[in-house]
Structure formats: structure tokens, C-alpha cells
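Report on the structure
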Amino acid sequence: MSGGGALRAIGATGLALFAALAFTPLPNLIHGVVVPPAPPLEPAAAIVVLGAGADGDVLTNDSLRRALGGVALFRRGLAPRLVMLGPGREPSEAAVRVRLAEDLGVPAAALLADSRGLTTRDEARVSWEDLAPRGGRKVLLVTGSQHMLRAAALFRRVGFEVVPAPVDDVPSGAQRPQARLELARALFRELLARAYNRVAGYL
Amino acid sequence: METAFILAVVGLTSLGVAPLARRRARRGLRSAAARALETIGLGVVFLFLNVAVGFCLALIARLVVRGFVSLYLNDDVTIVALSALQALIVQWWREPEAR
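Below, the structure is looked at part by part.

So, how was this worked out
Residues numbered from 1 in each chain as written. Chains lettered and ligands numbered in written order. Predicted model: local features only at pLDDT ≥ 70, side-chain atom pairs only at ≥ 80, totals over all residues. Heavy atoms only, no water. 1 Å grid on protein atoms, 1.4 Å probe; cavity = no way out; pocket = protein on both sides within 12 Å on 5 of 7 lines; lining within 4 Å. Points joined across faces, edges and corners; volume = space filled by probe spheres on them. Helix = DSSP H or I, 4+ residues; strand = E, 2+ residues; numbered from the N terminus. Nonpolar A, V, L, I, M, F, W, Y, C, P; charged D, E, K, R; others polar. Salt bridge = Lys/Arg side-chain N within 4 Å of Asp/Glu carboxyl O. Buried < 20%, exposed > 50% of the residue type's maximum accessible area, 1.4 Å probe, protein only. Expected span 1.5 Å × (residues − 1). Arc of directions from axis to C-beta. Contact = heavy atoms within 4.5 Å. Buried area = accessible area lost by both parts, 1.4 Å probe. Polar contact = N/O pair within 3.5 Å; in protein donor to acceptor, adjacent residues only side chain to side chain.

What follows covers the layout of surface pockets. Residue and element names in this part refer to chain B. Approximately 480 Å³ is the volume attributed to the second largest pocket. Forming the walls of the second largest pocket are 17 residues, and the residues nearest its centre are R27, R35, Q91, W92 and E95. Among the elements that line the lining of the second largest pocket, the one with the most residues is helix α2 (residues 29-64), at six residues. For the lining of the second largest pocket, the per-class residue count stands at nine nonpolar, three polar and five charged.

Below is the structure:
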């Protein structure tokens, strides 16, 4: 095959993949395969909300969704402690989330902010350092549903008993083409991250 | 519904512009489609290269600088746009000069 022929084949494949991801329910089907359904929620010693980014003191949409998910679990009485994670220069993502949780009525004594974790693996480690001395081994883990499998595995690896409490960063039932592409992107990114963690020996 | 709407709009504008484009055409539609596929193929190659190189650079930076460089930087949507730009430039570079 000539160079042009190879490029045309790659282009046709790319175009077909784009059409399938944007205009058919393929991303929704992949989500069903890659993301296991969450088990029922159970009470735990703490709720741990993983970081998802902030620009200065403005949380990203994902970060806000997860923070609100953690607050909702706390207000349902599923755990006595709420740990907000997320790095960044002052104010860190964790600090911004704690302020939000306080504004939403969570008592300051129940809140813990830790901005040391830069990766999911780091977050598992620092959460263990924060919670294990307080006897908090069983945690409700709040993160995006695509991210949950890897995050839960990393948290179990440091010693936690994990109850997944996923928040949909990207809706798994997306119908609009743009939303389906966002779902496909989130799934692709997570599959790459899982592969990287496996190769690096973290999982 | 949304999918059908978007495809209908794009189909309508394509049909509307086709007669105008045909008057100024310098090659057949089949050849133009082949060129478009080549450009998209180049875009895919550049996207793959950019993400792979970015991934490696982030890992090297973590080792060398001892600072933290997020692998998620390679997920930025501007990489797709810039890969498309790279593909367009290379494709037009390959084309014979227009008179």
C-alpha cells in the first residue's frame, strides 16, 4: 500500500470511529462493559472525595459534582467524617471544597482537607495516613464512575475497605453527539490510565 | 433526535453548496474525498504522535525534574485542533502549487 493509500485507510478508520462514537450508542455500550454497576451504599467510617481539579478557587465541574456527592452522603448520615482531597496552590482544591461543605451545613469538626495527593495512588496513600490512625478503615469512596474501578483498587491496596459511591462526571446514558464523544473520551482516558497503572505495577 | 437534526443540517448545507463548488471545481468529487481522507489520516497520525510524545515527556519530567506533571495534560482538547492544523499544513505542503 502506498503512503497515500495508508493515510486514506487510517483516515477512513478514524472517520468511521468518529461517526460510531458520536452518532451511535457505542460509547454507552462500552461504558456498560468497562464500568461495573455500583453495589448498594453502606455506612462507613469516612467519606473520601477524590480530587478532580480547580482553577484558582473555582472548582471544575467534575470536582464540584464529586464534592456535592460527598456532602449528600454525609447529610444522609452514612459516615461521621468527610475527607475532601485535591491539590493546588492556596487555596487548594481540598480547601475550596471544605469551605463549600461548611457553607452547605457540614460541621467543621467533621471535615478534613488534604491537598497532598497529586495522583489517585497518592490520594490513597495520604487518605490512609489521615484515617488509619483514627480507625477509619472502611470508606465511602466518591469519584467519577469511570474512575471508580481503578481508584477503588488503589485504595484497597493501601488497606482500605472500599464502598464505591460513584458520581457520574459524564452521563453514561448520553444521547447528544457531543456528550457521547465526551463519554468516549473519558472512557478512553481511563482505559489508558488503567493500562499505565498495570504496567507500572500499581494495580 | 439530536443526531438526526445535526446530520440533516449538515446534509442540507452540503447539498446547497455542492452546485457552487462544482462550478469552481479543479478535480472530481472522488479525488477530493480521497484527499480529505488522507488529511484526516494525517490528523490521526499527528494526534497519536502528539499524545504518545506528550505522555513520554510527562513521565520523563516526573523522573528528571522531580516535579509533578499530570498525564491528563495530554487529554486537552486543543491537541486535537493542533493535530488537525499540522495535518492541513503537511497535506497542502505535499500538494502541487496552485496556479
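What follows deals with the pattern of salt bridges. Tallied over the full model, the rule gives 15 salt bridges over all chains. Salt-bridge contacts for D114 of chain A lead to R116 of chain A; the nearest nitrogen and oxygen are separated by 2.8 Å. On the accessibility criterion, D114 of chain A (5% relative accessible area) is buried. Taking the shortest distance from any N to any O, the salt bridge between E95 of chain B and R27 of chain B comes out at 3.4 Å.

Moving on to helix α3 (residues 78-94) of chain B. Residues and elements named next belong to chain B. For α3, which comprises 17 residues, the first-to-last C-alpha distance of 24 Å matches the rise-based estimate of 24 Å (1.5 Å per residue) to within 8%. When α3 is considered as a whole, its buried residues turn out to be I79, S83, A87 and Q91. Within α3, the buried residues cover an arc of 105 degrees as seen down the axis, which keeps them to one side. Among the exposed residues of α3, those pointing more than 90 degrees away from its buried face are W92 and W93. Tucked inside the fold, the buried residues of α3 contact α2.

To continue, consider unusual backbone geometry. The omega torsion of the bond from E90 of chain A to P91 of chain A falls at 0 degrees, within 30 degrees of zero and hence cis. Structurally, the position occupied by P91 of chain A is in the loop between β4 (82-85) and α4 (93-103).

Looking now at the interface of chain A and chain B. Each partner contributes to the interface: chain A provides 20 residues, whereas chain B provides 22 residues. When the buried area of chain A at its contact with chain B is split by residue, L7, R8 and Y196 of chain A rank highest and sum to 30% of it. Between D75 of chain B and R185 of chain A there is a salt bridge, with the nearest N and O atoms lying 3.1 Å from each other. If you look at where chain A meets chain B, you find four residue pairs in polar contact (both at pLDDT 80 or more). Secondary structure elements with two or more residues in the side of chain A that touches chain B: α1 (3-23) and α7 (177-199) of chain A. For the side of chain A that touches chain B, the leading source of residues is α1 of chain A, giving 10 residues.

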